[in-house]
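The lines below spell out each chain.
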Amino acid sequence: MRRLGTFALLLALAACSQTEHTGRYKPLSPQESLRSFRLSEDFHVELVAAEPLVFDPVEMVFDENGRLYVAEMLDYPEDPPPGQPARSRIVLLEDTDGDGRMDRRTVFADHVLEVSGLLPWKGGLIVTSAPDILFLKDTDGDGKADVRQVLYTGFPKVNPEARITNPRLRVDNWIYAANDGGDGRITSPDHPEQPPVLVRGTDFRFRPDRGLAEAASGPTQFGMTFDDWGNRFLSQNTVHIRNAVLPMQYLQRNTLLPVSAVSVDISDHGQPSVKVFPLTKPQLWREQRTRIRQQRYNENQLNKTEEVGGYFTAATGGTVYTGDAFPKEYVGNVFTGDVNGNLVHRDILAPDGVTFSARRAKDRVEFLASTDDWFRPCNFANAPDGLLYVTDIYREFIETPESIPEAIKKNMDFWSGIDKGRIYRIVPNHPLRKGNLKPNLGAAGAAELVQQLANPNGWHRQTAQRLLVDRQDRAAVPLLEEMAAKNDFPLARLHALWTLEGLSALTPALVERALHDPHAGIREHALRISEPYLAKSKSLAAAVLAMTKDPEPRVQFQLAFTLGELKDPRALAALADIASARAGDRWFRTAVLSSVPNSAFPLFATLRTRPGRWGDPLFLSELSSLLGAKHDPGEIAQVLNELAALPDPDADKWREACLSGLANGLQLASAGGLKIPAAEAALMKLLDHGSEKTQDAAREVAQHLELRAFIERAAREALDGGLPAAKRAISIRSLRGGQFGVVSPTLGRLLDPRQPPEVQGAAVEALAAFEDASVSSLLLDNWRGAGPEVRQKTIAALLSSRGRAPALLQAIESGRLEASALGAGARDRLLENPDPAIRERARTVLRSNAGDRAKVAESYRPVAAMSGDPQRGKQAFEKNCAKCHMPRRQGGRVGPDLSGINNKSKEELLESILNPSAAIEPRYTNYVVVTKDNRMHDGIIVNETPGTLTLRGDSADGDVTILRSNVAEIRASSVSLMPEDLEKQMSRQDLADVIAYLRGGL
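Residues numbered from 1 in each chain as written. Predicted model: local features only at pLDDT ≥ 70, side-chain atom pairs only at ≥ 80, totals over all residues. Heavy atoms only, no water.

### Brief notes about the packing of aromatic side chains
This model, assessed by the stated rule, comprises 27 aromatic pairs. Summarising the aromatic geometry, the rings of Phe 204 and Phe 206 are spaced 5.6 Å apart at their centres and angled 25° between planes, so their arrangement reads as stacked. Residue class for Phe 206 comes out buried when judged on its relative accessible area of 0%. Of the aromatic side chains, those joined through ring pairs into one cluster are Phe 43, Tyr 321, Phe 326, Tyr 330, Phe 335 and Phe 367. The ring of Trp 654 is capped by Lys 653, whose NZ or CZ atom sits 4.9 Å from the centre of that ring. (Phe/Tyr/Trp six-rings, centres within 6.5 Å; stacked < 30°, edge-to-face > 60°. Buried < 20%, exposed > 50% of the residue type's maximum accessible area, 1.4 Å probe, protein only. Lys NZ or Arg CZ within 6 Å of the ring centre and 35° of its normal.)

And the structure:
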């Protein structure tokens, strides 16, 4: 009998789904669900609320009086059609008879689009509902909000799973919100005078009491939490726990400092994939999808097995338990839901340098797991009674519809369960304390609230601090001062300090006392709190400077940041002490360098006098990059002379590191033609140094300087056919530092097609560095004889300068250069050129060649019915697609990861290939950036800091980092980086083969 083909299998599954439930089981009643839970022997679960009292809960908060507000996200997974009101809402649940179960429901606010985040504030709620952060309040006591104010707006309305959410109040009085890196320009209607906050690639934080807002390190998807000491932990889909290590407010001080990461995955039991241990079997639709994929693997003889589950795929709601009812070993643990696995995962945190490690509590057993495959634990809340509460959206399907094949998806009702929802609490069998949900802190006076700062329950401490700051009651100040100085409980002292900060009532003397606190956490926070007072108190400044002797790494880490706020020459010596001791740690390196925006060279000079000189070479390289980016001639001359004079042969590690860093910084600043006569002798000496790596690094520096002797030498080496091509290429690129009239004859000769391709390519790159009008003709004169790699570099050179685009278009119009030679990035630079005349001309020239993509895709529909060969498709994919869609040695990919693309039908894949700009994934939007020297760059933005942005284009040359201060214009493109004319490069059979390969699974 013949094997069942994929198409026949899909038909069979579709027919089957007419009679078979696409989940696995039907929904259970709330009591049946309770019986489905399996959890630690120390606990049991109690039902707090269920339908019809609550529907689709995703967030809950208890206000100061214990009232429970719940966000019901009924819009998920799609916004209502245009013109229709939002379905989501916020409800107030109450227990009127004291039996622990909610029995009264009031709709606090209706029609709140995709609401997923709540935070009590000033008698109302701060609410996240993209594009806004709202403030809602009931002023007449009927339980319904009659105030609806927009605090901030501009957040992107993207996939509901990636919108602004999870507002969380930190102990430092800032409110943080998860933004998942969405691209937005955030403004406040209350403060129109303030510039927009750019949040692309970041989270968001704000202080509504002071009208402050800024980007925050991240990003977080759904699930942001703080431990008692304000350390922030993030959940992001498959990465269930990360720690935000580098605060964005410090990074923005040094705009010349590129930073590769601000947060880190801290799981010690899997990175990036973490295995989980559910009690449920995967839903039938998952098994169906897996069978389809496996069938394709088998048909294509890929010797691959598709896993249907068993790993975190939807980590949500990570929350640190800060209550006082659980056994003490659970306090400070992080609880994270996996809504696909129907379970709650527990992590135990332990310090790991300046960050943390998270370990599994028990091997192969989750803290809580259910046999009910509708159980979807998506969020948690610490409560006044010291217990941990769980929201269960209780849907049949929770996965984004886009992730499911059409043949299966069409038989699934993604709103199945919209009439259900549950809230539970996790209760220890032997609680340390039996609390209640009626704290009535709203009626408490200042003295009682101050005493609550010493409560062992974190909810009480945080709520008391919030209320004291809300009320701005000065009667609390002396009580807070006494608590900060004398209370035996470290967390009470911490809250007292930050509450005084929120009341603008701190004194330098009190802060200085905290710097000597016996608890390291207090000393760490005291450093942060000290920053506004350093210029006013010599005694406090001296105490801060003395902290370099503190034995705790986290205290010294904060000190490295705080010293950047101290305008005192002694701060440099303290930073040098930290660098000497800690520069082997990447987080410390960034902290120190963030603090020397204008003092990189003095730090360099200070370190060279130390016994170990510059210590870690990586630190020296990063420090030197700041020097190069600043490109001060006097400083660069002193650095080069210092390197040339080093007598120790073992100093090669420092020479190479320093020169490489200088070159990186000069490149970052687009520095060229620098006249530094005092450096020429030193650089020529380094060029003759015995270490080849040092020589190469010296050449990288030299190409940014105007050095006559060096240029003459480089020209001789460039023309020397007896040297290896790679060595000649280095010398050719060095000619970028010469004057165009001097080096152009040499470069012109090197474009000759008889020269090795590596030599021709280097000459093209060198010519691209000049703005002379004759560069375009020099490049185009050699087009016909150039090979593929040289042609690619030629087009890049013609587009690297704003003034050369007309020559490129003229060459295409005249037939001198083929339009088909343009890659996606080249085409986009023309179509998105800042000059309107060039944009219009490019559209005429290029779109006339490309035609209507929808019509092209329609004309190729028969390809979907053709048989394809996966092996031939693999070869075609590697030739035409892999450079963007597969990870590269330089790190990361340019196009989306296609590992799950086999969900799509042949028709969908064909449309994506032939009409790629019809739907561009936001993370892979192409940006065109023009710098102030008229250079043009394009690519996806893979990293941003307050001072830099990093682009990844479709060339093999690696990522490009650009100083924001050098950016003249940035435009988001509506054109996909993927070429729109692949049918010109691949035959219909090639397309069918590629589709077969993609459907087989990469």
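Next, the rest of the story.
### Structural notes on the sheet that holds strand 16 (residues 212-216)
Taken together, four strands build an open sheet; the order of strands is 11-12-15-16 and the sheet is antiparallel. The sheet is open, and its two edges are formed by strand 11 (165-169) and strand 16, each paired on a single side. This sheet shows a mean twist of 20° between the axes of neighbouring strands, independent of strand direction. As judged from the three bridges shared by strand 11 and strand 12 (residues 175-178), these two strands associate in the antiparallel manner. Bridge pairing in strand 12 places Arg 168 opposite Tyr 176. (Pairing = 2+ DSSP bridges. Helix = DSSP H or I, 4+ residues; strand = E, 2+ residues; numbered from the N terminus. Axes fitted to C-alpha atoms, helices over the stretch in contact; angles between N-to-C directions.)

### Looking at the environment of Leu 119
Checked against the element boundaries, Leu 119 lands in strand 7 (residues 117-121). As for Leu 119 and Tyr 69, which are separated by 50 residues in sequence, their C-alpha atoms are 9.3 Å apart. Discounting chain neighbours no more than four positions away, the residues touching Leu 119 are Val 61, Gly 124, Leu 125, Ile 126, Pro 167, Leu 169 and Ile 175. (Contact = heavy atoms within 4.5 Å.)

### Describing the packing of helix 13 (residues 553-562) against helix 15 (residues 586-594)
Relative to each other, helix 13 and helix 15 sit at 30°, their axes nearing to 7 Å. Judged by the angle between their axes, helix 13 and helix 15 are roughly parallel. Counting all contacts with helix 13, which are made through Pro 553, Gln 556, Phe 557, Ala 560 and Phe 561, the residues of helix 15 involved are Trp 587, Phe 588, Ala 591, Val 592 and Ser 594. When its residues are assigned to classes, the contact of helix 13 with helix 15 shows eight nonpolar, two polar and no charged. (Parallel < 35°, antiparallel > 145°, perpendicular 65-115°, else oblique. Nonpolar A, V, L, I, M, F, W, Y, C, P; charged D, E, K, R; others polar.)

### Topic: the side chain of Glu 72
As for its placement among the helices and strands, Glu 72 is situated in strand 4 (residues 68-72). In terms of polar contacts, Glu 72 uses its side chain to reach the backbone amide nitrogen of Phe 55, at 2.9 Å. Among residues more than four places away in sequence, those in contact with Glu 72 are Leu 53, Val 54, Phe 55, Asp 56, Ser 88, Arg 89, Val 91, Arg 105 and Val 115. (Polar contact = N/O pair within 3.5 Å; in protein donor to acceptor, adjacent residues only side chain to side chain.)

### What about the packing of helix 11 (residues 520-530) against helix 13?
Close contact between helix 11 and helix 13 brings their axes to 9 Å; oriented N to C, the two are set at 5°. Compared by their axis directions, helix 11 and helix 13 come out roughly parallel. Along its contact with helix 11, which presents Ala 520, Arg 523, Glu 524, Leu 527, Arg 528 and Ser 530, the element helix 13 presents Arg 554, Val 555, Gln 558, Leu 559 and Thr 562.

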